[in-house]
Amino acid sequence: MSSTSKKHQSFCSEPMKGKPVTALPGIGPARGSQLQSQGYHKATDVFGKYLTVHENRNEFQGWLKDQSGANFKQQGDCYHALRDWSDNNL
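By the naming in an unreviewed UniProt entry, the protein goes by Barrier-to-autointegration factor-like and is assigned to Clupea harengus. In its Subcellular location (unreviewed entry) section, UniProt records this for the protein: "Nucleus".

Participant: Just to check I follow, could you spell out the nonpolar core for this structure?
Facilitator: Among soluble globular proteins, nonpolar side chains are generally buried collectively. One finds Phe11, Leu24, Val46, Phe60 and Leu82 to be the most contacted residues of the largest nonpolar core, which totals 22 residues. Going through the elements one at a time, helix H1 (6-13), helix H3 (43-52), helix H4 (57-68) and helix H5 (72-89) are the ones with two or more residues in this core. The dominant element in this core, judged by the number of residues it contributes, is H5, at 5 residues. If we ignore the near neighbours within four places in the chain, the residues touching Leu24 are Lys7, Phe11, Ala43, Val46, Cys78 and Leu82.

Participant: Where do I start with the packing of helix H2 (residues 29-37) against H4 in this structure?
Facilitator: Each pair of packed helices gets described by two things: the angle between the helix axes and the distance between those axes. Following both chains from N to C, one finds H2 and H4 inclined at 90 degrees, their axes separated by 8 Å at the closest point. Compared by their axis directions, H2 and H4 come out roughly perpendicular. Taking contact as the criterion, the partners of Arg31, Gln34 and Leu35 in H2 are, on H4, Trp63, Leu64, Gln67 and Ser68. A class-by-class count of the residues in the contact of H2 with H4 yields 3 nonpolar, 3 polar and 1 charged.

Participant: Mind showing me how you'd approach the state of the cysteines here?
Facilitator: What makes a disulfide is a covalent bond joining the sulfur atoms belonging to two cysteines. Applying the stated criterion to the full structure yields 0 disulfides. With no disulfide of its own, Cys12 has Cys78 as its nearest cysteine by sulfur position, at a separation of 10 Å. What makes Cys12 buried here is its relative accessible area of 9%. Residue Cys78 is classed as buried on the basis of its relative accessible area of 0%.

Rules and cut-offs
- Residues numbered from 1 in each chain as written.
- Predicted model: local features only at pLDDT ≥ 70, side-chain atom pairs only at ≥ 80, totals over all residues.
- Heavy atoms only, no water.
- UniProt positions renumbered as here; feature names shortened; annotations may be inferred.
- Core = buried A, V, L, I, M, F, W, Y, C linked by side-chain atoms within 4.5 Å.
- Buried < 20%, exposed > 50% of the residue type's maximum accessible area, 1.4 Å probe, protein only.
- Helix = DSSP H or I, 4+ residues; strand = E, 2+ residues; numbered from the N terminus.
- Contact = heavy atoms within 4.5 Å.
- Axes fitted to C-alpha atoms, helices over the stretch in contact; angles between N-to-C directions.
- Parallel < 35°, antiparallel > 145°, perpendicular 65-115°, else oblique.
- Nonpolar A, V, L, I, M, F, W, Y, C, P; charged D, E, K, R; others polar.
- Disulfide = S-S within 2.5 Å.

Below, the structure written as structure tokens:
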């Protein structure tokens, strides 16, 4: 089992409100720029999409790939962070 990154741990341990999209694990400057160009500026915007696909991993990761060009690892990192944040905070 792989361990989580410091970015993942930090993201999941703090409130999401106001964080930029690049605060999401798996989303760096290049992927963040792509998401911003699609209207997703904040982590909460991406979390909203996660919820609208009913937390479905395949749908969310497919959407993230289509919107930002994220690779499989980046998609998984983002999905797992949102899932863990949701499990811990909702």
